[in-house]
Amino acid sequence: MEDLISLLYNGHHSLVVANGEVCTFNGRGISDLYVLLTNNPGFLREASVADKVVGKGAAALMVLGGVQEVYAGVISTPALNLFHKSGITVRFGQEVPNIINRTDDGICPVEQLCMDYAPAAECLPVIRKFLGRNYL
C-alpha cells in the first residue's frame, strides 16, 4: 500500500488501483471508479486502492467492486462507516463530516445524492443517473 500512496501523490494522480498490475487514473470525481466497476469489475475484486478523496459514492463503488483495502487522503464519515460495515480495511489521512464540492460552497453532489442510502447497492442507480447527466 505504501507504494500506491507514493504513486498517488508523487505521480499527481487522483486514483491508483493495484490488482496484479498497477493502474493510475486522473479523472474527475468518481468517474474512473464507475468506469472500472462498469467495464472491468474483476479488476476491482480484492484490489488495493489509493484515492485522494473518498466520499460515500466512491466508497459505495469500491464496496460493490469488492476491493480489499483502501487508502484515502481525505475521507468522509459516511464513507468510513460504509467501509467499516463492509469489512474493508481502510487507512486515511483526514476524516471530514462530508466531502465539499469543487466551489467550496456546499456538499459534493454525489455525497449529497448517496446520503440517504444505506447499502452500497442503493447508491449505484443514483450515481449512474448523475454521471450520465454530467460526465459520461
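Okay, so let's go over this structure. (Residues numbered from 1 in each chain as written. Predicted model: local features only at pLDDT ≥ 70, side-chain atom pairs only at ≥ 80, totals over all residues. Heavy atoms only, no water.)

**A few points about the environment of Glu122**
Here comes step 1: For Glu122, the position within the fold is in helix 7 (residues 120-134).
Here comes step 2: The partly exposed category is assigned to Glu122, whose relative accessible area is 39%.
Here comes step 3: A sequence separation of 11 residues divides Glu122 from Glu111, and the C-alpha atoms of the two residues are 13 Å apart. (Helix = DSSP H or I, 4+ residues; strand = E, 2+ residues; numbered from the N terminus. Buried < 20%, exposed > 50% of the residue type's maximum accessible area, 1.4 Å probe, protein only.)

**Regarding helix 4 (residues 56-65)**
Here comes step 1: In terms of burial, helix 4 is largely enclosed, as nine of its 10 residues are buried.
Here comes step 2: Those residues of helix 4 that sit buried are Lys56, Gly57, Ala58, Ala59, Ala60, Leu61, Met62, Val63 and Gly65.

**So, the packing of aromatic side chains**
Here comes step 1: All chains considered together, the criterion is met by one aromatic pair.
Here comes step 2: Relative to Tyr71, the ring of Tyr9 lies with its centre 6.4 Å away and its plane at 80 degrees, an arrangement referred to as edge-to-face. Placement of the pair is Tyr9 in helix 1 (residues 2-10) and Tyr71 in strand 4 (residues 69-76), with a sequence separation of 62 residues. (Phe/Tyr/Trp six-rings, centres within 6.5 Å; stacked < 30°, edge-to-face > 60°.)

**Describing empty space enclosed by the protein**
Here comes step 1: Applying the stated rule across the entire model yields one cavity of 30 Å³ or more.
Here comes step 2: The calculated volume of the largest cavity comes to roughly 40 Å³.
Here comes step 3: Around the largest cavity, the lining residues are Ser14, Leu15, Gly27, Gly29, Asp32, Leu33 and Asp51.
Here comes step 4: When its residues are assigned to classes, the lining of the largest cavity shows two nonpolar, three polar and two charged. (1 Å grid on protein atoms, 1.4 Å probe; cavity = no way out; pocket = protein on both sides within 12 Å on 5 of 7 lines; lining within 4 Å. Points joined across faces, edges and corners; volume = space filled by probe spheres on them. Nonpolar A, V, L, I, M, F, W, Y, C, P; charged D, E, K, R; others polar.)

**Quick notes on the layout of surface pockets**
Here comes step 1: When its volume is computed, the largest pocket comes out at roughly 540 Å³.
Here comes step 2: In terms of lining, the largest pocket is formed by 23 residues, of which the most central are Gly29, Ile30, Ile99, Arg102 and Cys108.
Here comes step 3: Elements with a contribution of two residues or more to the lining of the largest pocket: strand 3 (48-54), helix 4 and helix 6 (109-114).
Here comes step 4: Examining the composition of the lining of the largest pocket, we find that four residues originate from one element, strand 3, more than from any other.
Here comes step 5: A class-by-class count of the residues in the lining of the largest pocket yields 11 nonpolar, six polar and six charged.

Taken by themselves, the reported measurements are silent on function.
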